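# Understanding the architecture of this molecule
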Protein chains: 2
Amino acid sequence: MSDTKKIAVILSGCGVFDGAEIHESVFTMLAIAKHGAEYTIFAPDIQQHHVVNHITGDEMNETRNVMIEAARIARGAIQPLDSYKAEDFDAILMPGGFGAAKNLSTFAFEGAESSVEEETMRVIKETHAAKKPIGALCIAPAVVAKALGKIEVTIGEDKGTADAIEKMGAIHKPTNHGEVVIDTVNKIATTPCYMLDANIIQIAEGAENVVKATLEMI
Amino acid sequence: MSDTKKIAVILSGCGVFDGAEIHESVFTMLAIAKHGAEYTIFAPDIQQHHVVNHITGDEMNETRNVMIEAARIARGAIQPLDSYKAEDFDAILMPGGFGAAKNLSTFAFEGAESSVEEETMRVIKETHAAKKPIGALCIAPAVVAKALGKIEVTIGEDKGTADAIEKMGAIHKPTNHGEVVIDTVNKIATTPCYMLDANIIQIAEGAENVVKATLEMI
């Protein structure tokens, strides 16, 4: 048996406005590798909620698949989320981007009343039941909160989002750049990243800090 | 006048097989910011050569625009390459990915006989004529070599690519992970990144080193 920690990274597409936030995803992968752990990248094999032109913000008349687009960040090395088994991994990490709130859940549209995508829900619940840690960045903590209920998380300081999270039964703690909220009972580590008006250095630090906190709970 | 160095980053799409390599692009941006410089991201407003499914490697029956896709990496903050003026910047940085060899040039298909996309050619030549440095990662040095001819570059150790670069009149120096070839006469800094079989830590180091070398020539 190898002692190398095995981490599943769950992506939600490729691009902040309709998929996984790219900087958060890449810095999460880098931080895992720097800490001597290994990552395997997963995404659900489903259609994206929509496709957004990242210059204009307009919806494009196209359909794209979450896993196929996320494979751009993964350089092709990606697995369908339905193949994830908690027994094969030591922790999961969920970068943010609107994909978490549009593809992995309906949080962007329905807030506290949102639902979590089927496989994402299974993966979060299975990992939590196996007492393995979950790290989440940016808006992804809202998905974990919807799935697990009474956990302690942060998405930074946005009041509307924090209120929705509390309405779902979770506890929200405000944070600033690079800070991590650690729920030691439930083994959940979260950090705001681009939920704050952040620069790229602050994103790298936030990813580093939440990955470190997650790995320490293994 | 601000003393902050202004760097133009030129992207070629979003995804290693048909656009800009995402990790190289993000680590280039991070390294520029870490060194206290500012970046502005550019891409040509042209159609991609093609769209590749990054899981299977198959061509997809779609068309995508290089600048619109590159905006995913830029989080929307992107300028059309035809608006670039060398007088507004202190240096340019070109991450790799097949986009450099398929969208910014035809190097992937025609090697030494390739041509460089019109605006990319203008930008490289104008920057070089203004005696401002150019940094390039992965396969992007082949585009710079095609545009400028007799310069010294590296793309790592791939013999076929190196031979094509020499056939275009440039000099190729083999390198390993993280190493940078600096042509001080022409102010060109290049590093192999994913032209070698590299891990993500080595890519971050390569980007850091080539950005540092480029900034030092300003």
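Report follows, based on the coordinates. The residue numbers shown here count from 1 along each chain, following its written sequence. Working convention: letters from A go to chains and numbers from 1 go to ligands, in the order in which they are written. Whole-chain, interface and lining totals are the exception, using all residues; otherwise, since this is a predicted model, local features are given only for residues with pLDDT of at least 70 and side-chain atom pairs are given and counted only at 80 or more. Side-chain numbers come from the whole structure's heavy atoms, not from hydrogens or water.

## What to know about the packing of aromatic side chains
Residue and element names in this part refer to chain A. This is how it is decided: Two rings belonging to Phe, Tyr or Trp (six-membered ring only in the last case) form a pair when the distance between their centres is within 6.5 Å. Interplanar angles under 30 degrees mark stacking, angles over 60 mark edge-to-face geometry, and anything in between is tilted. Only DSSP runs of H or I reaching four residues or more are called helices, and only runs of E reaching two or more are called strands; each is numbered from the N terminus. Think of it in three bands: residues with accessible area under 20% of the maximum for their type are buried, residues over 50% are exposed, and the middle band is partly exposed, with areas taken using a 1.4 Å probe on protein chains only.
Applying the stated criterion across every chain, the model contains 9 aromatic pairs over all chains. On the basis of an interplanar angle of 40° and a centroid distance of 6.5 Å, the ring pair of Phe17 and Phe98 is categorised as tilted. Of this pair, Phe17 sits in the loop between strand S1 (6–10) and helix H1 (22–34) while Phe98 sits in helix H3 (residues 98–102); the two residues are 81 residues apart in sequence, bridging distant segments of the chain. Ring geometry for Tyr84 against Phe89: centres 5.4 Å apart, planes inclined by 15°, an arrangement best described as stacked. For the pair Tyr84 and Phe89, a shared accessibility class is recorded, and that class is buried. Among the aromatic residues, ring-to-ring pairing joins Phe42, Tyr84 and Phe89 into one connected group.

## Points about the pattern of salt bridges
Quick reminder of the rule: Every case where a carboxyl oxygen of Asp or Glu lies within 4 Å of a side-chain nitrogen of Lys or Arg is listed as a salt bridge.
Under the defined criterion, the tally for this structure stands at 20 salt bridges over all chains. Across the pair Arg64 of chain B and Glu62 of chain B runs a salt bridge, and its minimum N-O distance is 3.0 Å. By relative accessible area, Glu62 of chain B is classed as partly exposed at 25%. Between Arg72 of chain B and Glu69 of chain B there is a salt bridge; the shortest N-O distance is 3.1 Å. Placement of both Arg72 of chain B and Glu69 of chain B in helix H2 (residues 66–74) is noted, with a separation of 3 residues, approximately one turn of the helix. In this structure, a network of salt bridges that share partners links the residues Asp18, Glu62 and Arg64 of chain A together with Glu69 and Arg72 of chain B.

## Quick notes on the environment of Val51 of chain B
Note the following rule: Whether two residues are in contact is decided by their heavy atoms: any pair within 4.5 Å suffices.
Within the element layout of this structure, Val51 of chain B appears in strand S3 (residues 51–52). For the pair formed by Val51 of chain B and Ala162 of chain B, sequence separation is 111 residues and the distance between their alpha carbons is 26 Å. In this structure, Val51 of chain B is in contact with Arg72 of chain A together with Asp18, Asp58, Glu59, Met60, Glu62, Thr63 and Arg64 of chain B, ignoring residues within four places of it in sequence.

## So, the sheet that holds strand S2 (residues 38–43) of chain B
Residues and elements named next belong to chain B. Put simply, the rule reads: Strand pairing is assigned whenever DSSP detects at least two bridges linking the two strands. Interaxial angle, 0 to 180 degrees, is taken between N-to-C directions of lines fitted to C-alpha atoms, where a helix line uses only the stretch in contact.
If you walk across this open sheet you meet the 7 strands as S5-S2-S1-S6-S7-S11-S10, and the pairing is mixed. Only two strands of the sheet have a single partner each, and these edge strands are strand S5 (78–80) and strand S10 (181–183). When the angles between neighbouring strand axes are averaged without regard to direction, this sheet yields 25°. In this structure, strand S6 (residues 91–94) lies alongside strand S7 (residues 134–137), joined through 3 bridges in parallel fashion. By the bridge assignment for S7, Leu93 is matched with Gly135. Each of S6, S7 and strand S11 (188–191) is contacted by helix H6 (residues 140–148), which is oriented at about 135° to S7, the strand it contacts most. Packing against the sheet, helix H8 (residues 200–216) makes contact with strand S1 (6–10), S6, S7, S10 and S11, and its axis sits at approximately 175° to S11.

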